[in-house]
Amino acid sequence: MRHLLSAGDLSLAEITSILNTAEEMHTIQSRPIKKLPTLRGRTVINMFFEDSTRTRTSFEMAGKWMSADTINVTGKGSSTSKGESLRDTMLTLDAMGTDCFVIRHGSSGAVAQASGWVKAHVVNAGDGTHEHPTQALLDAFTMRRHFRARAENGQSRARAENGQSRGLGEESFEGKTIAIVGDLLHSRVVRSNVLLQRTLGSKVILVAPPTLLPTGVDQWGCEVTDDFDAALEASDVVMMLRVQRERMHGGFFPTAREYTELYGLTPERLARLRPGAAICHPGPMNRGLEISSEAADAANSLILDQVTAGVSVRMSVLYHLLGGSPE
Ligand code: ASP
């Protein structure tokens with residue numbers, strides 16, 4: 001793997017390898033001393049031209065925990081604010097001996113373009129409304145753990161009841177249904193998740209008001225509906241997306257209250273989730289708009305597990321790019 005630009009570039013074998021290595025990295029998070037020598041002597045530059053809490057911090061932690069030298073560059077603090085082009089900034093930092101760039105940029109396609117200019121590896125940490133592949137990987141990691149735990153629970157109950165032995169494959173994505181709900185139009189998270197989940201084999205239902213549906217969504221190979229309640233009853237995971245007001249120019253829905261009534265994960269909808277179904281949200285959340293506090297903080301909410309997974313999955317991605325294959 002040279003770069004990670006799109007979730008659609010990953011084969012099933014590559015996804016599985018990244019998720020399996022992330023499991024190993026996950027154990028490090030609970031250790032008192034979180035340090036591996038794996039990337040000693042490698043330099044990772046985080047270039048964030050858009051705001052971020054989770055993604056930037058978790059990439060920095062991931063690099064540091066593997067002993068890489070991590071450096072943060074932001075749009076405001078770099079020479080791009082003096083008029084230097086992205087290409088010149090990239091060439092300058094590449095010439096210093098950077099091994100990997102982790103880039104977030106407001107323009108869709110900018111990260112892929114930048115990857116063509118440099119010798120270093122490039123990770124797309126979110127480009128405009130286009131893609132956010134490590135988010136989709138950490139979502140898959142979190143869901144896989146949830147499916148596994150659910151299957152193990154069910155099996156130990158079944159074993160206790162009638163002596164059944166442990167079956168294989170219950171943690172697989174085949175046969176699982178994931179509803180992705182809300183502001184699909186402005187979401188790079190949904191695009192990367194659709195591509196990744198297609199390779200993993202789950203069924204994705206997209207739920208949004210018609211005004212927040214991207215053009216060409218009917219070509220994505222997913223069921224598309226504006227009926228959240230019907231999707232809710234069919235889903236093993238309900239992923240709520242943030243209403244991205246900063247990207248909205250114009251009225252996409254009449255009032256916030258109407259949006260919440262039709263597309264919010266309200267306490268009423270929370271009570272109607274299928275048994276064993278989980279709640280995800282990539283963050284940051286608009287509590288009270290797309291998700292109620294009751295749902296965000298519910299026992300079946302995986303939102304903080306997603307945050308934890310963000311570090312392990314990004315460690316695994318950096319390791320796959322810079323540390324050689326796990327084999
Ligand atoms: N944090 C995610 C992203 O950067 C989702 C969001 O901002 O709503 O795309």
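My aim in this report is to walk through the structure given alongside it, one point at a time. (Residues numbered from 1 in each chain as written. Predicted model: local features only at pLDDT ≥ 70, side-chain atom pairs only at ≥ 80, totals over all residues. Heavy atoms only, no water.)

Now for the overall build of the chain. A count of helices and strands for the chain gives eleven helices and nine strands. Compactness check: the chain gives a C-alpha radius of gyration of 20 Å against a globular reference of 20 Å for 327 residues, within 12% of the reference. By its C-alpha atoms, the chain is 60 × 55 × 35 Å across when sized along the principal axes. Here the chain, with 327 residues, has 54% of them falling under the buried criterion. Of all intrachain contacts in the chain linking residues separated by at least 6 positions in sequence, the fraction that spans at least 24 positions is 74%. Split by element, the accessible area of the chain, about 14300 Å² in all, is 51% carbon and sulfur. Averaging the positions of the 35 positive and the 37 negative side-chain charges in the chain gives two centres separated by 6 Å. (Helix = DSSP H or I, 4+ residues; strand = E, 2+ residues; numbered from the N terminus. Rg over C-alpha atoms; globule rule 2.2 N^0.38 Å. Buried < 20%, exposed > 50% of the residue type's maximum accessible area, 1.4 Å probe, protein only. Contact = heavy atoms within 4.5 Å. Areas by Shrake-Rupley, 256 points an atom, 1.4 Å probe, with all protein chains shown as cover. Lys, Arg positive; Asp, Glu negative; His and termini not counted. Charge placed at Lys NZ, Arg CZ, Asp CG, Glu CD.)

Right, let's get into the nonpolar core. Judged by nonpolar contacts, the single largest core of 59 residues is most densely connected at Leu137, Ile180, Leu196, Leu206 and Met315. With nine residues, the top contributor of residues to this core is helix H11 (residues 303–322). Excluding its chain neighbours within four sequence positions, the residues that come into contact with Leu206 are Ile180, Leu184, Val190, Val194, Val217, Trp220, Cys222, Glu223, Val224 and Thr225. Membership of the second largest hydrophobic core comes to 25 residues, among which are Val207, Leu232, Tyr263 and Ala296. (Core = buried A, V, L, I, M, F, W, Y, C linked by side-chain atoms within 4.5 Å.)

In this model helix H6 (residues 188–200) runs 18 Å from its N-terminal to its C-terminal C-alpha over 13 residues, within 8% of the 18 Å that 1.5 Å per residue would give. Among the 13 residues in H6, ten count as buried, and that is most of the element. Those residues of H6 that fall on the buried side of the exposure criterion are Arg188, Val189, Val190, Arg191, Ser192, Asn193, Val194, Leu196, Gln197 and Leu200. Capping the start of H6 is the job of one residue whose side-chain oxygen sits 3.2 Å from the backbone nitrogen of Val189: Ser187. Following H6 by one or two positions, Gly201 has its phi on the positive side, about 100°. (Expected span 1.5 Å × (residues − 1). Polar contact = N/O pair within 3.5 Å; in protein donor to acceptor, adjacent residues only side chain to side chain.)

Before going further, it helps to spend a moment on unusual backbone geometry. In this structure, Pro284 follows Gly283 across a cis peptide bond, with omega equal to -10°. Even without being glycine, Ser67 reaches a positive phi, approximately 70°. With respect to the helices, strands and loops of the structure, Ser67 is situated in the loop between helix H2 (54–65) and strand E2 (69–74). A relative accessible area of 18% places Ser67 in the buried class.

Take the sheet that holds strand E5 (residues 177–181) next. If you trace the five strands from one edge of the open sheet to the other, you get E7-E6-E5-E8-E9, paired in parallel fashion. Of all strands in the sheet, those bounded by a partner on one side alone are strand E7 (223–225) and strand E9 (278–280). Sheet twist, expressed as the average angle between the axes of neighbouring strands with direction ignored, equals 20°. Two strands pair when backbone bridges link them, and strand E6 (residues 203–207) and E7 are joined in this way by three bridges, in the parallel orientation. Bridged to Leu206 within E7 is Val224. (Pairing = 2+ DSSP bridges. Axes fitted to C-alpha atoms, helices over the stretch in contact; angles between N-to-C directions.)

It is worth spelling out the environment of Leu304 at this point. Here Leu304 is to be found in helix H11. Take Leu304: its relative accessible area is 67%, and that puts it in the exposed class. The spacing of Leu304 and His186 is 118 residues in sequence and 23 Å in space, taken between C-alpha atoms.

As a further point, take the sheet that holds strand E4 (residues 121–127). Here we have four strands laid out as an open sheet, ordered E2-E1-E3-E4, and parallel in their pairing. Here the strands that pair on one side only, and so sit at the sheet edges, are E2 and E4. For this sheet the average axis-to-axis angle between neighbouring strands, irrespective of direction, equals 15°. Where strand E3 (residues 100–105) lies against E4, five bridges are found, and the strand directions are parallel. If you follow Cys100 over to E4, its bridge partner there is His121.

Here the focus is helix H8 (residues 256–263). Considered for burial, the residues of H8 that qualify are Tyr259, Thr260 and Tyr263. Buried residues of H8, viewed axially, fall in a sector of 100°; they line one side. Turned more than 90 degrees away from the buried face of H8, the exposed residues are Arg257 and Glu261. Buried residues belonging to H8 abut E5, E6, helix H7 (228–234), strand E8 (237–240) and helix H9 (267–271). (Arc of directions from axis to C-beta.)

Moving on: the pattern of salt bridges. The tally for this structure, following the rule as stated, stands at 16 salt bridges. We note a salt bridge from Asp94 to Lys119, for which the minimum N-O separation is 3.9 Å. Placement of the pair is Asp94 in helix H3 (residues 86–95) and Lys119 in the loop between helix H4 (110–115) and E4, with a sequence separation of 25 residues. The exposure class of Asp94 is buried, given its relative accessible area of 7%. One connected set of salt bridges, linked through shared partners, spans Glu23, Arg144, Arg145 and Arg148. (Salt bridge = Lys/Arg side-chain N within 4 Å of Asp/Glu carboxyl O.)

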